[in-house]
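Listed below, chain by chain, are the residues.
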Amino acid sequence: MSKTIAICLARLIFGAVFVMAAAFKFADMQSTAGFIASAGFPMSLFLAWIAAFFESALAICLLTGAFFSEAALAAGIYVIFLAFSFHGPNRWSGNQAEFGFFIDHFVFLAGLLFAAVHGPGERFAVRVGMLQSNAEI
């Protein structure tokens with residue numbers, strides 16, 4: 001029972017993080033685009049929209065268990081991309097808190113990798129037709 005509770009809580013936390021991230025982007029897309037532009041990326045408004053929809057898709061997958069391992073792996077790659085793009089070594093000298101933000105992304109990555117390997121739990125996963133075998137769930 002404690003394993004089931006831990007899995008459900010972990011999935012809720014993962015999902016909530018991406019729900020909140022997407023919600024903040026949708027609520028103020030121009031600010032998100034400005035933050036993306038400040039990191040030196042072109043087409044910042046387009047990238048902001050892509051990020052919001054991607055984070056929404058990750059949240060859905062992590063909360064429902066559909067394509068869970070693939071979503072956890074994609075989220076891990078995304079999280080490390082964000083760490084280097086927005087909190088990387090070039091920002092540490094101006095603000096020591098940026099180093100903490102950078103490291104936090106790796107802690108999140110560790111959880112996502114663990115989740116990707118162990119799956120969504122047997123009881124609380126949406127089965128997606130023939131695309132996921134019972135062994136994966």
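Refer to the structure printed above.
Okay, so let's go over this structure. Predicted, not measured: the structure shown is a model, and the values here were computed from it.

What follows deals with the overall build of the protein chain. A tally of regular secondary structure across the protein chain gives five helices and zero strands. Taken from N to C terminus, the helices and strands of the protein chain fall in the order α-α-α-α-α. The burial tally for the protein chain puts 37% of its 137 residues in the buried class. Carbon and sulfur atoms provide 73% of the accessible area of the protein chain, an area that totals close to 8200 Å².

Every buried residue belonging to helix 2 (residues 29-38) is among Met29, Thr32, Ala33 and Ile36, and all of these are buried. Looking down the long axis of helix 2, one finds its buried residues gathered within 100° of arc, a one-sided arrangement. The inward-facing, buried residues of helix 2 abut helix 1 (2-27), helix 3 (44-64) and helix 4 (68-87). Directly after helix 2, the chain includes Gly40, whose backbone phi takes a positive value near 95°.

This part covers helix 1. Between its terminal C-alpha atoms helix 1 stretches 36 Å, which fits the 38 Å expected from 26 residues at 1.5 Å a residue. Next to the buried residues of helix 1 lie helix 2, helix 3, helix 4 and helix 5 (97-118).

Rules and cut-offs
- Residues numbered from 1 in each chain as written.
- Predicted model: local features only at pLDDT ≥ 70, side-chain atom pairs only at ≥ 80, totals over all residues.
- Heavy atoms only, no water.
- Helix = DSSP H or I, 4+ residues; strand = E, 2+ residues; numbered from the N terminus.
- Buried < 20%, exposed > 50% of the residue type's maximum accessible area, 1.4 Å probe, protein only.
- Areas by Shrake-Rupley, 256 points an atom, 1.4 Å probe, with all protein chains shown as cover.
- Arc of directions from axis to C-beta.
- Contact = heavy atoms within 4.5 Å.
- Expected span 1.5 Å × (residues − 1).

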